[in-house]
Amino acid sequence: LQFLYFIVNRTMGPHYDRMLRLEKLDINLYRAKNLEKPHPKARAVYGGQIIGQALVAAQETVEDKNLTVHSMHAYFLLGGDPDTPAVYHVDRIRDGRSFSTRSVLVKQNGKAIFSAQVSFHKPEESPLDHYRPMPSDVPPPEECLTRREYLLQEAERFTKAGNKTMAAGVQFAIKDLDRVASPLETRYVDPRDSVLLHGGVKREGREATTKVWVKCKTKLPALNWAHDCVAAYASDSSMLVAAAKPLGTPHTNYKMMASLDHTMWFHAPFRADEWLYYEVDCPRAKAGRAVLFGRIYKANGELVVTVAQEGVMRLGSPTNAPKTNEKKEAKL
């Protein structure tokens with residue numbers, strides 16, 4: 001097996017084996033069977049996993065290991081089926097002295113679900129070096145709560161207030177959360193963001209931003225590509241939450257929330273197993289779509305990744321729709 005495949009499967013441990021593992025079928029052809037949902041009730045594959053695995057596949061075909069990814073431009077074409085293997089086909093567009101370009105097409109059952117253009121660059125020295133600093137008022141991760149910690153606080157608050165119904169509902173949410181073993185640790189500057197799309201309480205009128213600290217739960221190898229791929233995996237997790245905050249409607253009132261396109265620019269090396277601050281804002285939502293911009297910083301305040309995304313957000317009344325066990329293809 002090739003070098004990157006060996007590292008993903010032998011070094012990262014079971015969580016990362018599940019998250020990023022690809023089986024090599026042939027030259028430029030890979031398959032993923034370990035697909036996961038963003039939450040237990042979701043119909044489609046978590047988009048960040050497709051992004052991360054596509055980056056692994058593209059990186060695998062770059063022979064010059066001095067080249068690192070600097071940009072990725074992707075489109076989600078269909079919602080992925082978590083029960084169907086995904087096949088990744090890489091087209092080696094160009095190999096130059098300073099840049100290499102790859103095209104990745106992901107298919108399930110012969111249908112394209114995702115496409116991406118990935119560019120790699122050999123780092124060079126330059127006096128041009130500046131960035132927008134991280135906001136100075138961001139609390140450290142140690143002072144922020146995980147979703148589980150926030151839910152435990154809420155359960156205790158409802159219990160003390162004698163609200164048994166709400167306390168029971170929160171306890172159910174905790175059990176639901178425990179069913180998904182995330183490879184990432186995420187801490188929320190505003191812990192209410194952690195449950196906006198998972199709870200049933202409407203919280204409208206809030207600013208269209210999300211602010212989180214995120215890192216891998218275990219140590220990663222000292223290879224830039226490994227940290228880039230994990231950051232790609234994590235980059236899709238907080239985007240559409242920001243767009244939903246001003247209206248405050250929980251996910252049960254949406255008949256569709258899905259990423260349409262996703263772009264990442266990698267500016268400087270970082271470690272994804274150390275705390276990264278990820279801030280997302282949504283400057284505009286209209287006509288069932290929202291555009292979002294994200295910035296990922298190292299704990300020292302250096303901007304290392306910029307993210308842009310557009311998503312579709314269709315409101316409806318799925319809770320009143322007739323229940324069915326029939327599986328349907330998620331179409332945009």
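In the block above lies the structure referred to throughout.
The numbers attached to residues start from 1 for each chain and follow its sequence in the written order. The predicted origin of the model limits local features to residues at a pLDDT of at least 70 and limits the giving and counting of side-chain atom pairs to 80 or more, whereas totals for whole chains, interfaces and linings rest on all residues. The side-chain numbers reported here are obtained from all heavy atoms of the structure, hydrogens and water having been left aside.

*Asks:* Hey, could you run me through the packing of aromatic side chains in this one?
*Replies:* Here a ring pair, both rings aromatic, is described through the centre-centre distance and the interplanar angle of the planes. Each pair of aromatic rings taken from Phe, Tyr and Trp, with Trp reduced to its six-membered ring, is defined by centres within 6.5 Å and is described as stacked if the planes are under 30 degrees apart, edge-to-face if over 60, and tilted in the remaining cases. In the structure shown here, the tally under the stated rule is four aromatic pairs. Where Trp 213 meets Tyr 277, the ring centres are 5.4 Å apart and the plane angle is 50°; that geometry is what we call tilted. Of this pair, Trp 213 sits in strand β8 (residues 209–216) while Tyr 277 sits in strand β10 (residues 276–286), and the two are 64 residues apart along the sequence. On the basis of an interplanar angle of 35° and a centroid distance of 6.3 Å, the ring pair of Tyr 277 and Tyr 297 is categorised as tilted. A residue pair is termed long-range when its members are at least 10 positions apart, and Tyr 277 in strand β10 and Tyr 297 in strand β11 (residues 289–298) qualify at 20 residues. For the pair formed by Tyr 277 and Tyr 297, the shared burial category is buried. Each ring is checked for a lysine NZ or an arginine CZ that lies within 6 Å of its centre and within 35 degrees of its normal; such an atom marks a charge sitting over the ring. Note that Arg 157 overlies the ring of Phe 158, its terminal NZ or CZ placed 4.5 Å from the centroid. The helix count covers DSSP runs of H or I at least four residues long, the strand count covers runs of E at least two residues long, and both are numbered beginning at the N terminus. Burial status follows relative accessibility: with a 1.4 Å probe on protein chains alone, a residue under 20% of its type maximum counts as buried, one over 50% as exposed, and anything between as partly exposed.

*Asks:* Help me out: how do you make sense of the pattern of salt bridges in this one?
*Replies:* It is possible for side chains bearing opposite charge to pair when their charged atoms get close. The salt bridge definition used is simple: a Lys or Arg side-chain nitrogen within 4 Å of an Asp or Glu carboxyl oxygen. Taken as a whole, this structure holds 13 salt bridges when the rule is applied. The shortest N-O distance in the salt bridge between Glu 154 and Arg 157 comes to 2.8 Å. Residue Glu 154 and its partner Arg 157 are located together in helix α4 (residues 147–160), separated by three residues, close to a single helical turn. Ionic pairing is found between Asp 273 and Arg 271, a salt bridge with its closest N-O pair at 2.7 Å. Owing to a relative accessible area of 22%, Arg 271 belongs among the partly exposed residues under this scheme. A cluster of three or more residues bridged by salt bridges with shared partners is formed by Glu 149, Glu 185 and Arg 187.

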